[in-house]
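Read off the chains here:
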Amino acid sequence: MSDLLTLSDSQGRLLAETTWDSNVVVMAGAGTGKTTILVNRILNLLLREPSPLAITEIVALTFTNKAATEMKKRLREQLLRLTEQTDDLISIFRTRYHLSAEQIGDRARAALEQIEKAQIGTLHSFAAHLLRLHPVESEIDPLFQEDD
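Bear in mind that the values here come from a model prediction, so they are computed numbers and not experimental data. (Residues numbered from 1 in each chain as written. Predicted model: local features only at pLDDT ≥ 70, side-chain atom pairs only at ≥ 80, totals over all residues. Heavy atoms only, no water.)

Observations regarding the packing of aromatic side chains
Between two aromatic rings, the relevant description is the distance of the centres plus the angle of the planes.
1) Next: Under the criterion given, the structure shown has one aromatic pair.
2) Next: Ring geometry for Phe93 against Tyr97: centres 6.3 Å apart, planes inclined by 10°, an arrangement best described as stacked. Of this pair, Phe93 and Tyr97 are both found in helix α4 (residues 88-97), four residues apart, which corresponds to roughly one turn of the helix.
3) Next: One cation-aromatic arrangement involves Arg48 over Trp20; the distance from NZ or CZ to the ring centre is 5.1 Å. (Phe/Tyr/Trp six-rings, centres within 6.5 Å; stacked < 30°, edge-to-face > 60°. Helix = DSSP H or I, 4+ residues; strand = E, 2+ residues; numbered from the N terminus. Lys NZ or Arg CZ within 6 Å of the ring centre and 35° of its normal.)

Okay, structure coming up:
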């Protein structure tokens, strides 16, 4: 997150990470930081004041299993950094949301405990999840298998 201060589009990135009253669309080429922005947006949703979200209230979708795995891995790494309370990442959220280091650590730990229940994955896996939740309404056998 501290790298944002040196990038020419840092203001746009910050808006993408912290805008809550409208949809945000990020279109960019490979390797430009889309996953970083999405992970930072999730962190901000977990820590924002007022009205922080639980990780199980967030849906983060991508197109490929590789990208989804990378997103979850990076989110887990950032949450672990917040629980350790040893670097500048925590100071960003302390300043932005006026939280104590303990509050940030507690929210990060709660998110880590629930991360496997979070809807962080592919569009296909999320659609399959919804169909399995509502098999009668979707008129689909809840034991269906997805095709590759």
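Following the structure, the description resumes.
Remarks on the pattern of salt bridges
1) Next: Considering all chains together, one arrives at eight salt bridges under this definition.
2) Next: Where Arg107 meets Glu49, a salt bridge forms, and the shortest distance between an N and an O atom there is 2.2 Å. Placement of Arg107 in helix α5 (residues 101-114) and of Glu49 in the loop between α2 (34-47) and β1 (59-62) is noted, with a sequence separation of 58 residues between them.
3) Next: Owing to a relative accessible area of 22%, Arg107 belongs among the partly exposed residues under this scheme.
4) Next: Note that Arg109 is salt-bridged to Asp106, the shortest N-O span being 3.0 Å. Here the residue Arg109 and the residue Asp106 both occupy positions in helix α5, the gap between them amounting to three residues, near one helical turn. (Salt bridge = Lys/Arg side-chain N within 4 Å of Asp/Glu carboxyl O. Buried < 20%, exposed > 50% of the residue type's maximum accessible area, 1.4 Å probe, protein only.)

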